[in-house]
Amino acid sequence: MSYSIMKTTEDNEVIYQRTDDDGLVRRTCLSVDAEFQAWLRKNKDSLPNDIQAKIDAGTLTIADAD
C-alpha cells in the first residue's frame, strides 16, 4: 500500500490516493485524514517523491500521533 497525489482542487486542496498492493486505488483523502497521517508517520523516512516534495515545501505536515 502506498499513497500518492491524485490531484489539486480549484480551492488548492490536495487529494491523495491510496494504491493497494494489487495496484488498485481504493481510497482517496485529504492531508488531515487519520489513516493517511498514520501512514506518513510510519513511512516518514521513505516517502514517495511527490509526497516528500510537499513536506519539503511546507505544504504538507506530519501530525503528531494522538
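Preceding this paragraph is the structure being described.
Notes on the structure in this doc start here. Since this is a predicted model, take the numbers as computed values, not measurements. (Residues numbered from 1 in each chain as written. Predicted model: local features only at pLDDT ≥ 70, side-chain atom pairs only at ≥ 80, totals over all residues. Heavy atoms only, no water.)

## Some words on the nonpolar core
Okay, so step 1: Listed in full, the 10 residues of the largest apolar core are Tyr3, Val14, Tyr16, Cys29, Phe36, Trp39, Leu40, Leu47, Ile51 and Leu60.
Okay, so step 2: Of all the elements in the fold, those that place two or more residues in this core are β2 (14–19) and α1 (34–42).
Okay, so step 3: In terms of residue count, α1 provides more of this core than any other element does, three residues in total.
Okay, so step 4: Once residues within four sequence positions are removed from consideration, phenylalanine 36 is found in contact with Tyr3, Tyr16, Cys29, Leu30, Ser31, Ile51 and Leu60. (Core = buried A, V, L, I, M, F, W, Y, C linked by side-chain atoms within 4.5 Å. Buried < 20%, exposed > 50% of the residue type's maximum accessible area, 1.4 Å probe, protein only. Helix = DSSP H or I, 4+ residues; strand = E, 2+ residues; numbered from the N terminus. Contact = heavy atoms within 4.5 Å.)

## Digging into the environment of glycine 58
Okay, so step 1: Mapped onto the elements, glycine 58 comes out in the segment after α2 (49–57).
Okay, so step 2: Since its relative accessible area comes to 53%, glycine 58 is described here as exposed.
Okay, so step 3: Along the sequence, glycine 58 and glutamate 35 sit 23 residues apart, while their C-alpha atoms lie 20 Å from each other.

## Comments concerning α1
Okay, so step 1: Three or more residues of α1 are buried, namely Phe36, Gln37, Trp39 and Leu40. Down the axis of α1, the buried side of the element spans an arc of 160°, and every buried residue falls inside it. Away from its buried face, by an angle of more than 90 degrees, α1 presents the exposed residues Ala34 and Lys42.
Okay, so step 2: The secondary structure elements touched by the buried residues of α1 are β1 (2–8), β2, β3 (25–29) and α2.
Okay, so step 3: One side-chain oxygen at the N-terminal end of α1 lies 3.2 Å from the backbone nitrogen of glutamate 35; it belongs to aspartate 33. (Arc of directions from axis to C-beta. Polar contact = N/O pair within 3.5 Å; in protein donor to acceptor, adjacent residues only side chain to side chain.)

## Points about the pattern of salt bridges
Okay, so step 1: Per the counting criterion, the structure on display carries six salt bridges.
Okay, so step 2: Of the charged contacts in the structure, one is a salt bridge between aspartate 20 and arginine 18, with a shortest N-O distance of 2.9 Å.
Okay, so step 3: One salt bridge in this structure joins arginine 27 and aspartate 33, with 2.9 Å as the shortest N-O distance.
Okay, so step 4: What makes arginine 27 partly exposed here is its relative accessible area of 23%.
Okay, so step 5: Linked by salt bridges that have partners in common, Arg18, Asp20, Asp22, Arg26, Arg27, Asp33 and Glu35 make up one network. (Salt bridge = Lys/Arg side-chain N within 4 Å of Asp/Glu carboxyl O.)

The analysis is restricted to geometry; functional conclusions fall outside its scope.
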